[in-house]
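Architecture at a glance
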Amino acid sequence: MELDYIMGIMPALIDGTKETLKIFCFTLLFALPLALPISMSAISRFWPLKALAKIYIWVFRGTPLMLQIFFFFYCLPMLTPIKLDRLSTAIFTFVLNYAAYFAEIYRGGIESIDRGQREAAKSLGFSRWQTMYLIIIPQAVRRVIPPVSNEVITLIKDTALVYVIGVPELMKAAKDANNRDVDPTAYFIAALIYLALTFILTMISRQLERRYSRHERKDAV
Amino acid sequence: MAILEIKQVKKRFGHDVDALDDVSLSVAEGEAVAIIGSSGSGKSTLLRSVNNLERVSGGEIVIDGDVLVHTDESGNVQYPPDREIRRICTKTSMVFQHFNLFPHLSCLENVTLAPVKILKKSKEESAAKARELLEIVGLSQKADSYPDQLSGGQKQRIAIARALAMDPQIMLFDEPTSALDPEITNEVTRVIEDLVRRRMTMLIVTHDMRFARDAASRVVFMDSGRIVEQGPPKQLFEHPESERLQEFIRSYQG
Ligand SMILES: Nc1ncnc2c1ncn2[C@@H]1O[C@H](COP(=O)(O)OP(=O)(O)OP(=O)(O)O)[C@@H](O)[C@H]1O
Ligand SMILES: [Mg+2]
C-alpha cells in the first residue's frame, strides 16, 4: 500500500461516500415518517386498510432487497410512465423497503404499551386518536429507538447493494478501483469508511437511548 | 333522585361466561357504596361497564340523567354515538388497581392533561386546580416528579388526584389498595375516607373488609354475576342473610 496510490483513489472514494450518504439520508428522511401511517393502518380496525398494510409489509420484508432494486430499476420504466435516474430508483426502493421494516417496529412498539394506559386514557375521556398521540406514541418512541437504530445501521451497509444498478456510491467506487488497478486497497479503505459511519451512528443511537430512557419506569406493572 | 341507575345489566364474555347476570343498582348522590365479593364475581366488570370500558350485553345504565346504554323491546343494546358516550363518561372517573399513571408525564402533567385537552381549561387554571388536588392527597411536593420515582401508595394518590381533576360526579375505585403493601394501604384509604366525608359519590370495589365496614354508607355483596345482598355495613356484616355471604365473611375471619 503506497501513500501516493491511496491519495490517488481517495477522491473517487470520497465521491462514492457522498452518494452513499445521499441514499442513506433521503431514505431516512422519507421512510421514518412514511412508516407511521403504515403502522397505524396495520393496527387499524378498518379491515381493508389493515389488510393493505399487512400485505405491503409482508411483500417488502419477505423478498430480497436486491430483487426489489432490480424490479424497480427494470420494471418501473416498463410498466409506468415514470422515468427515474439510477440514484432516484435506488432511493425509491430503499424508502419503500425500509418503511416496511420501520412500520413493523412501530407497530410492535405501540402494541407493547400496557393495556392499562389505553384504559386510563379512555376512562378520562380521550378519543382513540388523542390517546394515540398524547399517550401511546410518546411512550412507544422510547421503546422503538433501539430497534430503529439497528435498522439504521443496517441501512448504511445495505446501500452497498445499489452498485448492481450502477449507482456510483462507495461500494462501486471501491470495486471500480480494484478492477482497474488489480489492487484491493480500495476495498480496505471503503471498509474503514463504512466502519467510521456505523461507529458514528452507534454513538448517536446510544445518546438518544440515554436521553429517552430517563423516565422509563423500571418496574412494569 | 339517583345519580347512577343500573337496571338489569348483563354482560356475557364469549358464549358461556355471564360476568353480570341482571344486575340492578341505584346510587344516590353522596353515597359511598362498597362492592365486595369473591374473585370472579363480576365486581370489576360492573365498574368497567359504568365507565364504558366494557360494553354490556343488555340492560340500562343512566348516569346523572344521561342514558349511557339502554336495551329496546327486541333486545337490541343501544349506545349513543362515540362523542356522546365520551361526554357522559367524563361524569365518572376511574381509579385502577395498577394506577395506570402516564409514565412519560410528570405528576402535575398527569393531573392536568385531561382537563386541558378534554375540558379545554387553560393551562394556568388546570395547574392551579391540580396543585390543590395534590395538596388534598398530600403530595404537593411531588408535582414535578415522574411516576417511576414514587412508591405504590404515592402513585395511587396521584391517580386519585388525576381522576378528581375531571370534576366527576361519581368516582369509581377498582381495588385501589390491592396492589399495595399492607403497611401503605392506609395512606390511600385515608384519602378515600376523606372523600367520603366530602360527600363524593363513590363505587368502591374492595377486598378490605375493615374499610367496607367503617367507611362505606352501603355495602353490596356480589356472587356469580349477581347482587346477592346489600344494605348498611353494620347490618350486612353482623346479620348476613344469604349463605354465600355468611361463607364469604367467615373466609375473612378464618
Ligand atoms: N375480558 C374478559 N374476557 C373473558 N372473560 C372475562 C373478561 N373479563 C372478565 N371475565 C370473566 O368475567 C367474570 C367476572 O370477572 P371480574 O373481573 O368482573 O371479577 P371480579 O369480581 O372483579 O374479580 P377479582 O376480585 O378477581 O378482581 C370472571 O369469570 C372472569 O373470568
Ligand atoms: Mg376485579
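Residues numbered from 1 in each chain as written. Chains lettered and ligands numbered in written order. Predicted model: local features only at pLDDT ≥ 70, side-chain atom pairs only at ≥ 80, totals over all residues.

A few points about the overall build of chain A
Quick note on the threshold: Secondary structure elements are taken from DSSP: a helix is a run of H or I of four residues or more, a strand is a run of E of two residues or more, and numbering for both begins at the N terminus. The exposure label follows from counting other C-beta atoms within 10 Å of a residue's C-beta, where the C-beta atoms are placed from the backbone and the thresholds are 20 or more for buried and 12 or fewer for exposed, leaving partly exposed in between. Note on contacts: residues are paired as contacts if their backbone-placed C-beta atoms lie within 7 Å.
Helix and strand content of chain A: 8 helices and 0 strands. Its helices and strands taken in sequence order, chain A reads α-α-α-α-α-α-α-α from the N to the C terminus. Each of the three principal axes of chain A carries a C-alpha extent, and together these read 70 × 45 × 20 Å. Here chain A holds 221 residues, and 31% of them are scored as buried. For chain A, restricting intrachain contacts to residue pairs at least 6 apart in sequence, the fraction spanning at least 24 positions comes to 75%.

Focus on the environment of Arg 190 of chain B
All names here are of chain B. Assignment of secondary structure puts Arg 190 in helix H6 (residues 185–197). Among the residues examined, Arg 190 registers 13 C-beta atoms within 10 Å and is labelled partly exposed. The spacing of Arg 190 and Val 137 is 53 residues in sequence and 9.0 Å in space, taken between C-alpha atoms.

Thoughts on the confidence of the model for chain B
Defined as follows: Residue-level confidence of the predictor is what pLDDT reports, using numbers from 0 through 100.
Across chain B, the average pLDDT comes to 95, with 100% of residues at 70 or higher. Scoring the predicted complex yields pTM 0.88 and, for the interface, ipTM 0.92.

Some points on the interface of chain A and chain B
Buried accessible area, meaning the area lost when the parts come together, often serves as the stated size of an interface. Our working definition: Each residue gets one of three labels, nonpolar for Ala, Val, Leu, Ile, Met, Phe, Trp, Tyr, Cys and Pro, charged for Asp, Glu, Lys and Arg, and polar for the others, Gly among them.
Opposite the 20 residues of chain A that make contact, chain B presents 21 residues. Among the elements of the structure, helix H5 (115–124) and helix H6 (128–158) of chain A are those that each provide at least two residues to the side of chain A that touches chain B. Examining the composition of the side of chain A that touches chain B, we find that 7 residues originate from one element, H5 of chain A, more than from any other. Class assignment for the residues of the side of chain A that touches chain B results in 7 nonpolar, 8 polar and 5 charged.

Considering the packing of helix H1 (residues 3–42) of chain A against helix H4 (residues 86–111) of chain A
All names here are of chain A. Quick note on the threshold: Simply put, an axis is a line fit to the C-alpha atoms, just over the touching stretch for a helix, and the angle between two N-to-C directions goes from 0 to 180 degrees. For this classification, under 35 degrees means roughly parallel, over 145 means roughly antiparallel, 65 to 115 means roughly perpendicular, and everything else is oblique. Two helices crossing with the near one rotated counterclockwise from the far one by less than a right angle form a left-handed crossing, whereas a clockwise rotation gives a right-handed crossing.
Contact geometry for H1 and H4: axes closest at 6 Å, N-to-C directions at 40°. Considering their axes alone, H1 and H4 lie oblique with respect to each other. The handedness of the crossing between H1 and H4 is right-handed. Each residue belonging to the contact of H1 with H4 can be placed in one class, and the counts come to 21 nonpolar, 2 polar and 3 charged.

Things to note about the pairing of strand S11 (residues 226–231) of chain B
All names here are of chain B. The criterion, for reference: Strand pairing is defined by DSSP finding a minimum of two bridges between the two strands.
Pairing of strand S10 (residues 218–223) with S11, which is carried by 5 bridges, proceeds in the antiparallel orientation. Within S11, the position partnered with Phe 221 by the bridge is Glu 229. Counting the residues in the hairpin turn of S10 and S11 gives 2 residues, including Ser 224, whose phi is positive at 45°.

Let's talk about the nonpolar core
The test is simple: We call a set of buried Ala, Val, Leu, Ile, Met, Phe, Trp, Tyr and Cys residues a nonpolar core when their C-beta atoms link them within 7 Å.
By size, the foremost hydrophobic cluster in this structure holds 113 residues, and its most contacted members are Phe 102 of chain A together with Val 33, Ile 35 and Ile 204 of chain B. Once residues within four sequence positions are removed from consideration, Ile 35 of chain B is found in contact with Lys 43, Leu 46, Leu 203, Ile 204, Val 205, Val 220 and Met 222 of chain B. Counting 9 residues, the second-largest nonpolar core is a separate cluster that includes Ile 9, Ala 174, Ala 177 and Ala 190 of chain A.

Brief notes about the sheet that holds strand S9 (residues 201–205) of chain B
Backbone hydrogen bonds are what pair the strands of a sheet, in a parallel or an antiparallel way. Residue and element names in this part refer to chain B. An order of S7-S8-S9-S3-S10-S11 is seen for the 6 strands of this open sheet, with the pairing classed as mixed. Every interior strand has two partners, whereas the edge strands, strand S7 (92–95) and S11, have only one. Strand-to-strand twist in this sheet, taken as the mean axis angle between neighbours without regard to direction, amounts to 20°.

Overview of H6 of chain A
Residue and element names in this part refer to chain A. In plain terms, the rule: What a helix is expected to span follows from its residue count: subtract one and scale by 1.5 Å.
Taking 1.5 Å as the rise per residue, H6 with 31 residues should run 45 Å; its terminal C-alpha atoms sit only 37 Å apart, a clear shortfall. Looking only at H6, the buried set comprises Ile 135, Ile 136, Gln 139, Ala 140, Val 144, Ile 145, Val 148 and Val 152. If you follow the buried residues of H6, they end up packed against H1, H4, H5 and helix H8 (185–212).

Section: the site of ligand 1
All names here are of chain B. For clarity, the cut-off: Nearness rests on one distance test: the residue's C-beta atom, set from the backbone, must lie within 6 Å of the molecule or strand.
Near ligand 1 the following residues occur: Phe 13, Val 17, Ala 19, Gly 37, Ser 39, Gly 40, Ser 41, Gly 42, Lys 43, Ser 44 and Thr 45. Only strand S2 (17–28) and helix H1 (43–50) provide two or more residues apiece to the shell around ligand 1. It is H1 that provides the largest number of residues to the shell around ligand 1, a total of 3 residues. Considered class by class, the residues forming the shell around ligand 1 number 3 nonpolar, 7 polar and 1 charged.

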